[in-house]
Amino acid sequence: MGRLLTLSLTSHRGRQYPVELFTPDTVFTDTGAVYLYLRMPEGRSVQAQVLYVGETEALGRQLLHDRRPGGPWDRAEAKGFDTIGGLALARPEDRAMIAREFIHSWHPPCNDGHGALAGLVGLAAPAPFQMKRAMGGK
């Protein structure tokens, strides 16, 4: 379906990053990016869950690679992943630094995070109702 909206995520260091949200069926170009597999909140909740964080120089090809059996896509899908977050970055050193910061901020369970609350990120407000409807009424 494509792009949904942009969400500002604040890391444990207090840095804010504009992460664009997409449906899982989006076709991506081979752009350098930090990407996240997310489970967005239901109803009035203001917490999303970061399930996986990765970084790549070619997002389109990387997502195809992640879909291999037992790969990050499968692991995140088993935990309810319904949204892809992306932050386009050309420089490899920027991608690596921000991916590490995201992993240290939210301890995503599919990046070997621990505990039932691993990956929870607070949102400024509940996710818009239209977002869930656009994604198939979940």
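So, here is what we can say about the structure in this document. Here the residue numbering is sequential within each chain, running from 1 through the sequence in written order. Per-residue local features are limited, in this predicted model, to residues with pLDDT of at least 70; the limit for side-chain atom pairs, both in listing and counting, is 80 or more; totals at the level of whole chains, interfaces and linings are taken over all residues. Hydrogen atoms and water are omitted, and side-chain values are computed over all heavy atoms in the structure.

**Some details on the overall build of the protein**
1) Next: Each helix is a run of DSSP H or I of at least 4 residues and each strand a run of E of at least 2, with the numbering of both proceeding from the N terminus. When helices and strands are tallied, the protein shows 4 helices and 6 strands.
2) Next: For the protein, the succession of helices and strands along the chain, N to C, is β-β-β-β-α-α-β-α-β-α.
3) Next: Within the protein, contacts between residues separated by at least 24 positions form 66% of all contacts whose residues are at least 6 apart in sequence.
4) Next: Here the open area of atoms and residues is found with the Shrake-Rupley method and a 1.4 Å probe, where only the protein chains shown may cover a residue. By element, 53% of the accessible surface of the protein is carried by carbon and sulfur atoms, the whole surface being about 7400 Å². Note on contacts: a residue pair qualifies if any of its non-hydrogen atoms lie within 4.5 Å across the two residues.

**A few points about the pairing of strand β3 (residues 33–39)**
1) Next: Burial classes: relative accessible area under 20% of the type maximum marks a residue as buried, over 50% as exposed, and values in between as partly exposed (1.4 Å probe, protein chains only). With respect to burial, β3 is a largely interior element, 6 of its 7 residues being buried.
2) Next: Of the strand pairs in this sheet, β3 and strand β4 (residues 47–56) are connected by 7 bridges, and their pairing is antiparallel. Each residue of the ladder has a partner; that of Y35, found in β4, is G54. Strands pair, by our definition, only if DSSP identifies at least two bridges between them.

**Thoughts on unusual backbone geometry**
1) Next: Phi at H107 is positive, roughly 45°, even though this residue is not glycine.
2) Next: Assignment of secondary structure puts H107 in the loop between α3 (92–106) and β6 (120–122).
3) Next: Residue H107 is classed as partly exposed on the basis of its relative accessible area of 46%.

**Quick look at the side chain of S105**
1) Next: Structurally, the position occupied by S105 is in helix α3.
2) Next: With relative accessibility at 16%, the residue S105 sits in the buried group.
3) Next: Residues in contact with S105, not counting those within four places in the same chain, are S11 and H12.

**Considerations on the environment of E55**
1) Next: Within the secondary structure, E55 sits in strand β4.
2) Next: Between the C-alpha atoms of E55 and G32, which are 23 residues apart in sequence, the distance is 7.7 Å.
3) Next: Not counting the four nearest positions on each side in its chain, E55 is found in contact with A33, V34, Y35, R95, A96 and A99.

**Considering helix α1 (residues 59–66)**
1) Next: All of the buried residues along α1 are L59, G60, L63 and D66. On an axial view of α1, the arc spanned by its buried residues comes to 125°, and they lie on one face. Every exposed residue of α1 that faces more than 90 degrees away from the buried side is listed here: R61 and L64.
2) Next: Against β3, β4, α2 (72–78) and β5 (83–88) lie the buried residues of α1. Here the arc refers to the set of directions running from the helix axis out to each C-beta atom.

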